Amino acid sequence: MFFFRNYKSLILVALIFIFALIMLSYNVKYDKGEGFFRKIVLEAVAPFQSFSHFIVKSVDDSWERYVTLVGLVEKNKQLTKTIHELKAELLIYKEGYLEAKRLGTLLALRESLDYASVAARVIAKKQTALSKTIVIDKGSFDGLRTDMPVVAPPGLVGRLINVSWNVSKVLLITDENSNVDAILHRTRVQGIFSGAGLHEGKLKYITKNQDVIRGDTIISSGMGGVFPKGLLIGQVKNVEKHDKELFLKIDVTPFVDFSKLEEVLVLVSEEKEGKQK
Amino acid sequence: MMYYLLLPLLSLLVIALQTVLADIIFLGRLAIEISFIVVIYAGFRLDLAKGALLAFVFGFVLDCLTSPVIGLFTVIYILAFLCSFILSFILDIEKIHFIALFGFLCALIKEIFVIIFCNLVLNFDTVMNIPVICLPQAIIIGLLTPLFFYLMRRLEVFLWKTVSPY
């Protein structure tokens, strides 16, 4: 009895250990995962596991959302970049389309004229109070000479006043120094079209007794040896008759929109047989 | 008496806590065996009967939850407790490095024992898990053991104004 009292703990531990070993060996052979205690423990721990699952799922979802958001930011950046690139590309295509359209009109005009012509691109515009000119990218190397007429759809633009080797300056018909011999298309009355400032002109020397109405078309008369006959100049915008003056005061709006000029044709000769560039 | 009544509940709480922590921190890939650290601590701080019973209960609850066969962790936990108990006569609890090393070695041996058991008895091919799971888990236990000892010591001081009378 004394032995058992002194070694009570030791015997208890030995019994526990032996019991554990028996339990282990028994379960190795017979356990099918359906033990009573296993069920009890599983039931008891289930709420905690459910809670942990909830926490893990929340953290996982938050993390996934964060990662997705980071991914979205990157994707957004990439897409924005792509949009910018596509917009730039689209702009190029639009420019090409508009240029093709303009050149098509220019070509139509070129075909309709009985003159050999050189197509040129407008590289500069100078439309100040004193001077209304444009600079084109063709010069004497392309066969251009001073006083050659310049046209653009649908009519007359001006004439060359300075011709260099590769560039030329064009005096627009709206310049105050520009005078074009013109006739009214409807009545064949002859006058002089002069520039009158920005995008405007005047038809001078038409006597008061002439029949001029608003909307009459003015074309070049072909006299003076600079501009060929029949080129569209403009349309009568306003007609005023003053008792004290000999001539009518006729305001004209040119057909050509000078603010949008990008390509022009320079008429180099009266015959179409010449080489067209 | 209260100790024996509360022991199963305590074991459930500790094991549930370690499952929750493992799920949150390692997404269930690694276990944080606080129960094993408790058993080691019991070897240093409790008497033989109480500690052995604690190891039995903790091992049994863990067996019910995670073990492929009931009794495996019970046996291992009792052995771990006995090792700690014997070592407590020669190793001072204040020597934190030895405690960490002991925790690490105990955990590593336990993991290897489980793998060998599974291989030999249950024919599970889990040898590849030694470097992937066993070693990290042993390191985790090795790191957590001194921390647990420190916290328990603080708790003892807080509860009894001195170190536990055990």
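Our structure's up above, just so we're on the same page.
My aim in this report is to walk through the structure given alongside it, one point at a time. Here the structure is a predicted model, which is why all the values come from computation and not from measurement.

## Examining the interface of chain A and chain B
1) Next: Contacts between the two partners involve 25 residues from chain A and, on the opposite side, 31 residues from chain B.
2) Next: With both sides pooled, the region where chain A packs onto chain B buries about 2500 Å², and carbon together with sulfur makes up 86% of that total.
3) Next: Linking chain A with chain B are zero salt bridges, by the criterion used here.
4) Next: Where chain A touches chain B, the interface holds one residue pair in polar contact (both at pLDDT 80 or more).
5) Next: Mapped by element, the contributors of at least two residues to the side of chain A that touches chain B are helix H2 (8-30) and helix H3 (36-112) of chain A.
6) Next: By residue number, the principal contributor to the side of chain A that touches chain B is H2 of chain A, which donates 13 residues.

## A look at the packing of aromatic side chains
Geometrically, a pair of aromatic rings is defined through the distance of the ring centres and the angle of the planes.
All names here are of chain B.
1) Next: Applying the stated criterion across every chain yields a total of 12 aromatic pairs over all chains.
2) Next: With centroids separated by 5.1 Å and ring planes inclined at 90°, the aromatic side chains of Tyr41 and Phe149 adopt a geometry described as edge-to-face. Of this pair, Tyr41 sits in helix H2 (residues 34-45) while Phe149 sits in helix H6 (residues 129-160), placing them 108 residues apart in sequence.
3) Next: The exposure class assigned to Tyr41 is buried, which follows from its relative accessible area of 8%.
4) Next: Among the aromatic residues, those joined into a cluster by ring pairs are Tyr41, Phe44, Phe102, Phe148 and Phe149.
5) Next: The ring of Phe36 has Lys110 lying over it, and the distance from NZ or CZ to the ring centre is 5.1 Å.

## Digging into the pattern of salt bridges
1) Next: Across all of its chains, the model carries 13 salt bridges over all chains by this definition.
2) Next: The structure contains a network of salt bridges with shared partners spanning Glu99, Arg102, Arg121, Glu262 and Glu263 of chain A.

## A closer look at the environment of Val57 of chain B
Residue and element names in this part refer to chain B.
1) Next: When you line up the elements, Val57 lands in helix H3 (residues 48-66).
2) Next: Counting along the chain gives 17 residues from Val57 to Thr74, while the straight-line C-alpha distance between them is 7.5 Å.
3) Next: Sequence-distant contacts of Val57, defined by excluding residues within four places in its chain, comprise Leu7, Pro8 and Ser11.

## Quick look at the nonpolar core
It is characteristic of soluble globular proteins that their nonpolar side chains tend to be buried jointly.
1) Next: Membership of the largest hydrophobic core comes to 62 residues, with the highest contact counts inside it found for Phe36, Val39, Leu54, Phe58, Tyr77 and Phe81 of chain B.
2) Next: Looking at this core, the elements with two or more residues in it are H2 and H3 of chain A together with helix H1 (2-26), H2, H3, helix H4 (72-87), helix H5 (96-120) and H6 of chain B.
3) Next: Ranked by residue count, the leading element in this core is H3 of chain B, at 12 residues.
4) Next: When sequence neighbours within four positions are dropped, the list of residues in contact with Phe36 of chain B reads Tyr77, Ala80, Cys106, Ala107, Lys110 and Ile141 of chain B.
5) Next: The next biggest cluster of nonpolar side chains, apart from the first, holds 45 residues, and it includes Val150, Val170, Ile250 and Leu267 of chain A.

Rules and cut-offs
Residues numbered from 1 in each chain as written. Chains lettered and ligands numbered in written order. Predicted model: local features only at pLDDT ≥ 70, side-chain atom pairs only at ≥ 80, totals over all residues. Heavy atoms only, no water. Contact = heavy atoms within 4.5 Å. Buried area = accessible area lost by both parts, 1.4 Å probe. Salt bridge = Lys/Arg side-chain N within 4 Å of Asp/Glu carboxyl O. Polar contact = N/O pair within 3.5 Å; in protein donor to acceptor, adjacent residues only side chain to side chain. Helix = DSSP H or I, 4+ residues; strand = E, 2+ residues; numbered from the N terminus. Phe/Tyr/Trp six-rings, centres within 6.5 Å; stacked < 30°, edge-to-face > 60°. Buried < 20%, exposed > 50% of the residue type's maximum accessible area, 1.4 Å probe, protein only. Lys NZ or Arg CZ within 6 Å of the ring centre and 35° of its normal. Core = buried A, V, L, I, M, F, W, Y, C linked by side-chain atoms within 4.5 Å.

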